[in-house]
Amino acid sequence: MNNKMSIIGVPMDLGQSRRGVDMGPSAMRYAGAIEKLQELNIDTHDLGDIPINRPDQKNIDNDSNLKNLEQVIEANEKLAEMVDQEIEKGQFPLVLGGDHSIAIGSLAGVSKHYDNLGVIWYDAHGDLNSSETSPSGNIHGMPLAASLGIGHEKLTNLYGNAPKIKPENIVIVGARSLDPGERELIRERGIKVYTMHEIDRMGMSKVIEETIDYLKDRTDGIHLSLDLDGLDPSEAPGVGTPVIGGITYRESHLAMEMLAEAEVITSAEFVEVNPILDDKNKTATVAVALMGSLFGEKLK
Ligand SMILES: NC(=[NH2+])NCCC[C@H](N)C(=O)O
Ligand SMILES: [Mn+2]
Ligand SMILES: [Mn+2]
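The following refers to the structure shown. All figures in this text were calculated on a predicted structure; none of them were measured in a lab.

Digging into the site of ligand 1
Reasoning step 1: Around ligand 1 lies a shell of 15 residues, among which His 100, His 125, Ser 136, His 140 and Gly 141 are the nearest.
Reasoning step 2: Here the residues of the shell around ligand 1 are counted per class, giving one nonpolar, nine polar and five charged.

Rendered as structure tokens:
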């Protein structure tokens, strides 16, 4: 793996309705993210947080039902540019969120550098909604669709033309809450999904083995987008949209270790850590432990 890493914090909570996820980057730094990476002999540059403009009140776009559309776009444009520049310099970008809408910016920046970017979407949700299908108007439920070129054109065309990624280069792991429009899209576009059912049946080991086999040959880089709500809320309670019956802490470590061993991940983000809803920073601590495994920590 690329040993030179740039950390980019995105303290943004405007892609969903529960305040507090803007403190995610601080919570993960406080839980020792930078020290953990340095311990692993990774040459780590913490670039700090992207400045976020907060609206005075809740802003709902008139022609779509999208909440805080302008602010989300502004933040994502800054993020895309930064991610793009860091990769250009030869750095591995590690993005700390913030709500999952920031994946729009991460993927916009990363995809500039790959013709066939692969994406592992580790999440209880598909985040495949558009303004038409979204039950909530929350943009954090839309980043994967937007990156596929589906949805509001200001989101799909952010920092370059749509689409940023191809449906056949995506693997969703941990899904257990999919809206009707998302299911339809998964079927229509043939997106590969390992729901909790498959994880229970096959075991995480087989799921990740298949994921790597599937993506390895067809892609020229793989972005890991890890939403902490992919884990079970008993182990990662500090998230805004928890869904019972999730991936365990051990399964998640195994997944990260297998990805590290295969040396396939070329960029990553950890999102949706909400310290206000958390139990003594437990979720940020879990996130940092998973970063350890993803970036090569071994027990012996
Ligand atoms: N990144 C997340 N936590 N997304 C949750 C999305 C929940 C729901 N599917 C929605 O679109 O509103
Ligand atoms: Mn989620
Ligand atoms: Mn998500």
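Moving on from the coordinates now.
A closer look at the packing of helix H3 (residues 69–88) against helix H4 (residues 103–111)
Reasoning step 1: The contact between H3 and H4 brings their axes to 7 Å, and the two run at 35°. As for the relative orientation of H3 and H4, their crossing is right-handed in sense. Between H3 and H4, the contacting residues are Ala 75, Asn 76, Glu 77, Leu 79, Ala 80, Glu 81, Met 82, Val 83, Asp 84 and Ile 87 on the first element and Ile 104, Gly 105, Ser 106, Ala 108, Gly 109 and Val 110 on the second.

A closer look at the sheet that holds strand S8 (residues 265–271)
Reasoning step 1: Within the open sheet, the eight strands sit side by side as S2-S1-S3-S8-S7-S4-S5-S6. Their pairing is parallel. Where the open sheet ends on each side, the last strands, each with one partner, are strand S2 (43–49) and strand S6 (192–195). Within this sheet the neighbouring strands show an average axis-to-axis angle of 15°, counted without direction.
Reasoning step 2: Relative to strand S3 (residues 92–97), strand S1 (residues 4–10) is paired through six bridges, and the arrangement is parallel.

Details of unusual backbone geometry
Keep in mind that most residues, glycine aside, have a negative phi and that most peptide bonds are trans.
Reasoning step 1: Each neighbour pair has its own omega, and for Gly 97 with Gly 98 the value is 15°, a cis peptide bond.
Reasoning step 2: Inspection of the secondary structure assignment puts Gly 98 in the loop between S3 and H4.
Reasoning step 3: Despite not being glycine, Asp 127 shows a phi value in the positive range, around 50°.
Reasoning step 4: As for its placement among the helices and strands, Asp 127 is situated in the loop between strand S4 (117–122) and helix H5 (143–147).
Reasoning step 5: Judged by the 28 C-beta atoms lying within 10 Å of it, Asp 127 falls in the buried class.

Procedures and definitions
Residues numbered from 1 in each chain as written. Chains lettered and ligands numbered in written order. Predicted model: local features only at pLDDT ≥ 70, side-chain atom pairs only at ≥ 80, totals over all residues. Near = placed C-beta within 6 Å. Nonpolar A, V, L, I, M, F, W, Y, C, P; charged D, E, K, R; others polar. Axes fitted to C-alpha atoms, helices over the stretch in contact; angles between N-to-C directions. Helix = DSSP H or I, 4+ residues; strand = E, 2+ residues; numbered from the N terminus. Left-handed = near helix turned anticlockwise from the far one by under 90°. Contact = placed C-beta atoms within 7 Å. Pairing = 2+ DSSP bridges. Buried ≥ 20, exposed ≤ 12 C-beta atoms within 10 Å, placed from the backbone.

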